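What the coordinates show
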Amino acid sequence: MNQVNKEFKILSIDGGGIRGIIPSKFLSNLEAHVSKEKGEEVKLNEYFDLICGTSTGGIIAIGLGLGMKANEIHELYEKNATKIFGSPIKKWYLTGKQIFRAKHKRDNLSNLLKEIFSKYSDDSDTRLGHSKTRLCIPTFNAGEDKTVVLKTSHHTGLFKDYQIPAYQVALATSAAPIYFKPFTINYKTKNDSNTEVTIPNMLDGGVFANNPTLIGLSEALALGYKFEDIKILSIGTGLCKLTRNTKKVPNEGIFSWLSLTKKLPLIQKMMRSQSEIIENVMKFIVDGIHNDKDERIFYQRLQTYFIDEDIELDDTSPSKIKILNDKGNNMFHDSDKRLLETFFKNKVEQYKPYHQV
């Protein structure tokens, strides 16, 4: 494989449901900061060669890729939280339903994303291929029991995913088990025989890649970039630090494990643990097991923490929304601006897809 001789900058955004407010608020602040420093309005997709996002992070990644400003995405979350997940007062009823079917309907989210993304194509039929930068969006095909990463056409061999409607990619990566039912991708291809494509039973990418940083790294390596040319900015959606007694664990029965009244439902534990292990793996890759080697990758991981309280993926109460906004603001204010500015010295070379919509 031919090696390329320039830096490759990656933005990676974790999954986390409504906690997507944290990275969207951070990125909104970052975008405003960079615009002020440069004396001109900037869009984040002009400064990253690849954006990876899972679940709620996938929605953010697609929005950024299409050309949305970060503050527009943040407003999307903040203004439509209860429309997507329902109002907090209904939660007792919804958790009862959850034993038999998905907790939430996705109609509102589907209509919202379809409308928002429609602005980024001439015919309002916005596809993944309309992204102005490379995208990698994890999802899981439950019907075929396999992991899937939906990608823009940034290699000649990537000739299918770019045709999928952008809003459907977002719905596939965010179809969290228990919260939403599996999503069926269904569309007609453009520029050829107008073939109808159906891919049923797609689940949240957080099933295997809630933190998609390694997916971004492996994609850069597969494209021919060297470790030392890669720069990664990875943003989390918050982890819970428990100080209470944690010796009690669920009994073996299914109702114990899937108890819906616990602060941390099983699916949330799985996604959180997956994010943590990827963060640890990246530390080993960058620094060595005992910080015993020089950094080969410029890697910045930004994460925030909850003390004795983890906000559930669908908690839309005003008090929790405020906490999430505060976490996003604090993440930005506490970050090292000199390191962040490393990603914004120069715009990336304009991305040209191999196959166009």
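All of the points below concern the structure found in this document. (Residues numbered from 1 in each chain as written. Predicted model: local features only at pLDDT ≥ 70, side-chain atom pairs only at ≥ 80, totals over all residues. Heavy atoms only, no water.)

It is worth spelling out the pairing of strand S4 (residues 146-151) at this point. Strand residues, when the strand is regular, have side chains that alternate between the two faces of the sheet. Inspection of the sheet shows strand S3 (residues 134-141) paired to S4 by six bridges, in the antiparallel sense. If you follow asparagine 141 over to S4, its bridge partner there is lysine 146. Joining the antiparallel neighbours S3 and S4 is a turn of four residues, in which aspartate 145 adopts a positive phi near 55°. (Pairing = 2+ DSSP bridges. Helix = DSSP H or I, 4+ residues; strand = E, 2+ residues; numbered from the N terminus.)

Axis separation between helix H5 (residues 107-117) and helix H6 (residues 166-173) bottoms out at 8 Å; the angle between their running directions is 145°. As H5 packs across H6, the resulting crossing turns out to be right-handed. Within the contact between the two elements, H5 uses Leu109, Ser110, Leu113, Lys114 and Phe117 and H6 uses Ala166, Tyr167, Ala170 and Leu171. The class makeup of the residues in the contact of H5 with H6 is seven nonpolar, one polar and one charged. (Axes fitted to C-alpha atoms, helices over the stretch in contact; angles between N-to-C directions. Left-handed = near helix turned anticlockwise from the far one by under 90°. Contact = heavy atoms within 4.5 Å. Nonpolar A, V, L, I, M, F, W, Y, C, P; charged D, E, K, R; others polar.)

Moving on, we get to the pattern of salt bridges. Going through the model one piece at a time under the given rule, you end up with 16 salt bridges. Glutamate 279 is the salt-bridge partner of lysine 283, the closest N and O atoms lying 4.0 Å from each other. Here glutamate 279 and lysine 283 lie together in helix H10 (residues 266-287), a separation of four residues that amounts to about one turn. Lysine 283 gets classed as partly exposed once you look at its relative accessible area, which sits at 41%. On the basis of relative accessibility, which here comes to 9%, the residue glutamate 279 falls in the buried class. The residue aspartate 336 makes a salt bridge to arginine 338 at a minimum N-O spacing of 3.4 Å. With relative accessibility at 68%, the residue arginine 338 sits in the exposed group. (Salt bridge = Lys/Arg side-chain N within 4 Å of Asp/Glu carboxyl O. Buried < 20%, exposed > 50% of the residue type's maximum accessible area, 1.4 Å probe, protein only.)

Here we take up the packing of aromatic side chains. For the structure shown, the criterion picks out six aromatic pairs. Ring geometry for tyrosine 47 and phenylalanine 344: centres 5.3 Å apart, planes at 55°, overall tilted. Note that tyrosine 47 is positioned in the loop between helix H1 (21-38) and strand S2 (50-53) and phenylalanine 344 in the segment after helix H12 (337-340), a separation of 297 residues in sequence. The class for tyrosine 47 is buried, based on a relative accessible area of 2%. Judged by centre distance (5.9 Å) and plane angle (90°), the rings of phenylalanine 48 and phenylalanine 344 are edge-to-face. Here phenylalanine 344 lies in the segment after H12 and phenylalanine 48 lies in the loop between H1 and S2, a separation of 296 residues in the sequence. (Phe/Tyr/Trp six-rings, centres within 6.5 Å; stacked < 30°, edge-to-face > 60°.)

Scanning the entire structure with this criterion turns up five cavities of 30 Å³ or more. In this model, the largest cavity occupies a volume close to 220 Å³. In this structure, the largest cavity is lined by 20 residues; those nearest its centre are Gly17, Thr56, Ile59, Ile84 and Phe85. Sorting the residues of the lining of the largest cavity by element identifies helix H2 (56-66), helix H3 (70-85) and H5 as the ones contributing at least two each. Top contributing element to the lining of the largest cavity by residue count: H3, with five residues. Here the residues of the lining of the largest cavity are counted per class, giving 14 nonpolar, five polar and one charged. (1 Å grid on protein atoms, 1.4 Å probe; cavity = no way out; pocket = protein on both sides within 12 Å on 5 of 7 lines; lining within 4 Å. Points joined across faces, edges and corners; volume = space filled by probe spheres on them.)

Turning our eyes to something else, we now look at a negative patch on the surface. A surface patch of like charges, here negative, comprises Glu41, Glu72, Glu75 and Glu78. Inspection of the secondary structure assignment puts glutamate 41 in the loop between H1 and S2. (Patch = residues over 30% accessible without salt bridge, like charges linked within 9 Å, V, L, I, M, F, W, Y side chains within 5 Å. Areas by Shrake-Rupley, 256 points an atom, 1.4 Å probe, with all protein chains shown as cover. Lys, Arg positive; Asp, Glu negative; His and termini not counted. Charge placed at Lys NZ, Arg CZ, Asp CG, Glu CD.)

Turning our attention to the environment of isoleucine 277. When you line up the elements, isoleucine 277 lands in helix H10. Isoleucine 277 sits 66 residues away from asparagine 211 along the chain, and the two C-alpha atoms are 8.9 Å apart.

Further remarks concern the packing of H3 against H5. The geometry of H3 relative to H5 is characterised by a closest axis approach of 9 Å and an angle of 150° between their N-to-C directions. By the angle between their directions, the pair H3 and H5 is classed as roughly antiparallel. The way H3 lies across H5 gives a crossing that is right-handed. Contacts from Leu76, Asn80, Lys83 and Ile84 of H3 reach H5 at Asn108, Leu109, Leu112, Leu113 and Ile116. (Parallel < 35°, antiparallel > 145°, perpendicular 65-115°, else oblique.)

In this model helix H11 (residues 318-334) runs 24 Å from its N-terminal to its C-terminal C-alpha over 17 residues, within 8% of the 24 Å that 1.5 Å per residue would give. Those residues of H11 that fall on the buried side of the exposure criterion are Lys320, Ile321, Leu324, Asn325, Lys327, Gly328, Met331 and Phe332. All buried residues of H11 lie within an arc of 155° about the axis, which places them on one face of the element. Counted as exposed and oriented over 90 degrees from the buried face of H11: Pro318, Lys322, His333 and Asp334. The secondary structure elements touched by the buried residues of H11 are H1, H3, strand S7 (230-235), strand S9 (298-302), strand S10 (305-307) and H12. (Expected span 1.5 Å × (residues − 1). Arc of directions from axis to C-beta.)

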